[in-house]
Amino acid sequence: MQGTVLEVPLDRNTVLLMDETGTFAVQGVNSIPKGKPCLSQGKYVMVMGVIQAVSPEPVIRAVKMADLSELATLHRRMWKLEVEELQEVLA
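This write-up is about the structure you can find in this document. The shown structure was predicted, so the numbers you read here are calculated from the model rather than taken from an experiment.

## Let's talk about the overall build of the chain
Consideration 1: A tally of regular secondary structure across the chain gives 1 helix and 5 strands.
Consideration 2: Mapped in sequence order, the helices and strands of the chain form the string β-β-β-β-β-α.
Consideration 3: Overall size of the chain, expressed as C-alpha extent along the three principal axes, is 40 × 30 × 20 Å.
Consideration 4: Out of the 91 residues belonging to the chain, those deemed buried represent 32%.
Consideration 5: Across the chain, contacts joining residues at least 24 apart in sequence account for 48% of those joining residues at least 6 apart.
Consideration 6: Seen as two clouds, the 9 positive and the 11 negative side-chain charges of the chain have centres 9 Å apart.

Below you can see the structure in the form of C-alpha cells.
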C-alpha cells in the first residue's frame, strides 16, 4: 500500500494513512527497521505487510516502510497504474 500519513499518535505504533480510495491503519510501526523517519504527518510512504482486517477500514501489520515523499507525484501516478494492472491480472 502507499499513502499519505494523516495521524501519528503519541504511542507511534499505529499510524493512519490515506490514499485515493480512503484511509487505512498501519500497525506495528515501532518494530520496523528504519521506519521511524517516515512517521511524520504529510509524508507519502510505501507500506509492505500483512492484511489484518478489511472492514470498517483496512488494517495492515507493517513489515517494511519507506519514505517516497521526494518523488511523491511520480509514485502516486505509478501506484494507480500498478493497482489497475493488478486488478486486470486478478480478473
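Here the narrative resumes.
## Examining the pattern of salt bridges
Consideration 1: Applying the stated criterion across every chain yields a total of 1 salt bridge.
Consideration 2: When the shortest N-O distance is used, the salt bridge between Lys43 and Asp67 registers 3.0 Å. With Lys43 in the loop between strand 3 (22-27) and strand 4 (44-53) and Asp67 in strand 5 (residues 59-67), this residue pair connects regions lying 24 residues apart in the sequence.
Consideration 3: Classification of Asp67 as partly exposed rests on a relative accessible area of 34%.

Cut-offs and rules
In every chain, residue numbers begin from 1 and rise along the written sequence. Side-chain atom pairs in this predicted model are given and counted only at pLDDT of 80 or more, local residue features only at pLDDT of at least 70, and totals for whole chains, interfaces and linings cover all residues. Heavy atoms throughout the structure, all of them, feed into the side-chain values; hydrogens and water do not. Per the convention used, a helix needs a DSSP run of H or I reaching at least four residues, while a strand needs a run of E reaching at least two, with both numbered from the N terminus. Here's how the labels work: a residue is buried when its accessible area is under 20% of the maximum for its type, exposed when over 50%, partly exposed in between, all with a 1.4 Å probe on protein chains only. Pairs of residues are marked as contacts when any of their non-hydrogen atoms sit within 4.5 Å. When charges are counted, neither His nor the chain ends are considered; positive counts come from Lys and Arg and negative counts from Asp and Glu. To locate a charge, the coordinates of NZ of Lys, CZ of Arg, CG of Asp or CD of Glu are taken. Any Lys or Arg side-chain nitrogen found within 4 Å of a carboxyl oxygen on Asp or Glu counts as a salt bridge.

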